[in-house]
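This is what each chain is made of:
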Amino acid sequence: MAKCDACNAIVTDRRGERGHDALVETGREKFQPLGQAGIVTTSYTCSICGTKWHYENDKNDPVAGWHEVAG
Ligand SMILES: [Zn+2]
């Protein structure tokens, strides 16, 4: 399915960007690498177009942030 305008406007691969109001949170996973700050990956599904997204808050990953989930 084609992405809606709101999903197309999401800036990927950059931390601190926000999603949009039609994203519905579907889950949250916490991962704690040894000696590092915890990483939280939050899963969302768009209630308009059904696109699935992950948002990672990993401070050590230069391309953390919004990622579209394939499938
Ligand atoms: Zn959408």
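Residues numbered from 1 in each chain as written. Predicted model: local features only at pLDDT ≥ 70, side-chain atom pairs only at ≥ 80, totals over all residues. Heavy atoms only, no water.

(A) Focus on the nonpolar core. Grouped together as the largest cluster of nonpolar side chains are 10 residues: Cys4, Cys7, Ile10, Leu23, Tyr44, Cys46, Cys49, Trp53, Tyr55 and Trp66. Of all elements in the fold, only strand 2 (39-46) and strand 3 (52-56) reach the threshold of two or more residues within this core. Beyond its immediate chain neighbours, meaning those up to four positions away, Tyr44 contacts Leu23, Val24, Glu25, Thr26, Thr51, Lys52, Trp53, Tyr55 and Trp66. (Core = buried A, V, L, I, M, F, W, Y, C linked by side-chain atoms within 4.5 Å. Buried < 20%, exposed > 50% of the residue type's maximum accessible area, 1.4 Å probe, protein only. Helix = DSSP H or I, 4+ residues; strand = E, 2+ residues; numbered from the N terminus. Contact = heavy atoms within 4.5 Å.)

(B) Molecular detail of the coordination of the zinc ion. All of the protein donors around the zinc ion are Cys4 (SG), Cys7 (SG), Cys46 (SG) and Cys49 (SG); their distances to the metal are 2.3 Å. Seen from the zinc ion, its 4 donor atoms lie at angles of 104 to 114°, and the figure they make is tetrahedral. In terms of primary sequence, the donors binding the zinc ion are separated according to C-x2-C-x38-C-x2-C. Of this pair, Cys4 sits in the segment before helix 1 (5-8) while Cys46 sits in strand 2, and the two are 42 residues apart along the sequence. For the pair Cys4 and Cys46, one class covers both residues: buried. (Donors = N, O, S within 2.8 Å, 3.2 Å for Na, K, Ca; no water. Tetrahedral: all angles 85-135°; square planar, octahedral: opposite > 155°, others 65-115°.)

(C) Structural detail: the pairing of strand 3. What you see with strand 3 is a clean split: Trp53 and Tyr55 sit on the buried side and Lys52, His54 and Glu56 on the side with no burial. In the sheet, strand 2 pairs with strand 3 via 5 bridges, with the strands oriented antiparallel. Following the sheet pairing, Thr45 is matched in strand 3 by Lys52. Count of turn residues in the strand 2/strand 3 antiparallel hairpin: 5 residues, of which Gly50 carries a positive phi of about 80°. Pairing of strand 3 with strand 4 (residues 66-68) involves 3 bridges; the strand directions are antiparallel. Residue pairing in the sheet places His54 in a bridge with His67 of strand 4. (Pairing = 2+ DSSP bridges.)

Purely geometric stuff here, so don't read any function into it on its own.
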